[in-house]
Amino acid sequence: MPTNGKIKLQGFNNLTKSLSFCIYDVCYANTAEQKAEYIEYIDEQYSADRLTEILSEACEIIGATVLNIARQDYEPQGASVTILVAEEPLKDSEKVDTTEKPGPLPDSVVAHLDKSHICVHTYPEAHPDHGICTFRADIEVSTCGIISPLKALNYLIHKLESDIVTMDYRVRGFTRDVQGVKHYIDHDINSIQNFISQDIRDQYQMVDVNVYQENIFHTKMLLNDFNLDTYLFGTTTEELTGLEVKEITERLYKEMNEIFYGRNIPDMN
């Protein structure tokens, strides 16, 4: 496969490119009042209306025309949004940038694509005894054509600030060039990290698990900085004893590391 320039195709580029990622928001809300404040925060940050605005902007970034939006809020918290989109015509004078580099940040627009859908589902969850609450948003951007959904990645990570992010990118199917040769991917990629802006990379530690021969790429991210006050609802560190600060910090660290490494960590006490 050529690494520079465009491949002349026989017809429509029908490669399917899917970007799926989970973002996790972790906090401590122990009492009924604190949990109520947390639920209020979740309802505001992850409402169906706000998610629709974010995903609609992502559609604009990747050049999609919105055909239909289905959205639903849930009680006590959580929401789902699915957007069906169609292609926009690509002008002859426009060139598509498929090089391996970070996509746009918020307030930027680029490129076009052919057919796609974008969806998000949210999943609230809480530990029954330890006051740990974890909120997950599951997002999928799937395109068919010459444009990669990775171009919307930076925008989505910036808008949906989170403690842990796990991402999967896969190119499926094949398309043919004018000589009839099959192409199973139409752009260079070594790591999802290369499509993430430097400011995000500075905030997170990142690990890759890639299967290059199958065009499967996986990256997970864990936030570097930890300020306990930003994880507390209905209280502050000044209102807690030193022992409580230590115990809550350990619980939050354990929760975040279990999610990041994908395994349960036994208590050392």
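Notes on the structure in this doc start here.

Cut-offs used in this document
Residues numbered from 1 in each chain as written. Predicted model: local features only at pLDDT ≥ 70, side-chain atom pairs only at ≥ 80, totals over all residues. Heavy atoms only, no water. Helix = DSSP H or I, 4+ residues; strand = E, 2+ residues; numbered from the N terminus. Buried < 20%, exposed > 50% of the residue type's maximum accessible area, 1.4 Å probe, protein only. Polar contact = N/O pair within 3.5 Å; in protein donor to acceptor, adjacent residues only side chain to side chain. Contact = heavy atoms within 4.5 Å. Salt bridge = Lys/Arg side-chain N within 4 Å of Asp/Glu carboxyl O. Core = buried A, V, L, I, M, F, W, Y, C linked by side-chain atoms within 4.5 Å. Phe/Tyr/Trp six-rings, centres within 6.5 Å; stacked < 30°, edge-to-face > 60°. Lys NZ or Arg CZ within 6 Å of the ring centre and 35° of its normal. Expected span 1.5 Å × (residues − 1).

1. Quick word on the environment of Val211
Inference 1: Counting through the fold element by element, Val211 comes out in the loop between β9 (204-208) and β10 (216-223).
Inference 2: On the basis of relative accessibility, which here comes to 32%, the residue Val211 falls in the partly exposed class.
Inference 3: Put simply, Val211 and Arg170 are 41 residues apart on the chain and 9.7 Å apart in space, counted from C-alpha to C-alpha.

2. Digging into the side chain of Thr134
Inference 1: When you line up the elements, Thr134 lands in strand β5 (residues 132-144).
Inference 2: Classification of Thr134 as buried rests on a relative accessible area of 6%.
Inference 3: Of the polar contacts made by the side chain of Thr134, one reaches the side chain of Glu255; its length is 2.6 Å.
Inference 4: The residues contacting Thr134, other than those within four sequence positions of it, are Tyr24, Asp25, Val26, Tyr38, Tyr123, Pro124, Glu125, Glu255 and Ile259.

3. A look at unusual backbone geometry
Leave glycine aside and you will find that most residues have negative phi; peptide bonds, for their part, are mostly trans.
Inference 1: A positive phi angle is found at Asn215, which is not glycine, with a value near 55°.
Inference 2: Along the polypeptide, Asn215 turns up in the loop between β9 and β10.

4. Description of the environment of Asn264
Inference 1: You can see Asn264 is positioned in the segment after α5 (242-261).
Inference 2: Here Asn264 falls in the exposed class, since its relative accessible area comes to 70%.
Inference 3: The spatial distance from the C-alpha of Asn264 to the C-alpha of Lys254 is 8.8 Å, given a sequence separation of 10 residues.

5. Regarding the pattern of salt bridges
Note on pairing: side chains with opposite charge can pair once their charged atoms come close.
Inference 1: Inspection of the entire model under this criterion finds four salt bridges.
Inference 2: Note that Asp49 is salt-bridged to Arg71, the shortest N-O span being 3.4 Å. Linking Asp49 in helix α2 (residues 48-62) with Arg71 in strand β2 (residues 65-73), this pair joins segments that are 22 residues apart in sequence.

6. Quick word on the nonpolar core
One recurring pattern in soluble globular proteins: nonpolar side chains tend to sit buried together.
Inference 1: Counting 51 residues, the largest nonpolar core has Phe21, Leu153, Leu156, Met167 and Met221 as its most contacted members.
Inference 2: It is α2 that provides the largest number of residues to this core, a total of eight residues.
Inference 3: Those residues in contact with Phe21 that sit more than four places away from it in its chain are Ala137, Asp138, Ile139, Leu153, Leu156, Val165, Thr166 and Met167.

7. Details of the packing of aromatic side chains
Inference 1: Enumeration according to the criterion identifies nine aromatic pairs in this entry.
Inference 2: Summarising the aromatic geometry, the rings of Tyr46 and Phe135 are spaced 4.5 Å apart at their centres and angled 35° between planes, so their arrangement reads as tilted. With Tyr46 in the loop between α1 (32-45) and α2 and Phe135 in strand β5, this residue pair connects regions lying 89 residues apart in the sequence.
Inference 3: A relative accessible area of 1% places Phe135 in the buried class.
Inference 4: Members of the aromatic cluster, connected to one another through ring pairs, are Tyr38, Tyr41 and Phe233.
Inference 5: Stacked on the ring of Phe174, the Lys or Arg Lys182 has its end atom at 5.6 Å from the ring centre.
Inference 6: In this structure, Lys220 is placed above the aromatic ring of Phe260, and the distance from its NZ or CZ to the ring centre is 5.3 Å.

8. Section: α2
Inference 1: Taking 1.5 Å per residue, 15 residues should reach 21 Å; α2 reaches 21 Å between its end C-alpha atoms and fits that length.
Inference 2: Listed as buried for α2 are Ala48, Leu51, Thr52, Ile54, Leu55, Ala58, Cys59, Ile61 and Ile62.
Inference 3: Backbone geometry just downstream of α2 places Gly63 in the positive-phi region, at approximately 85°.

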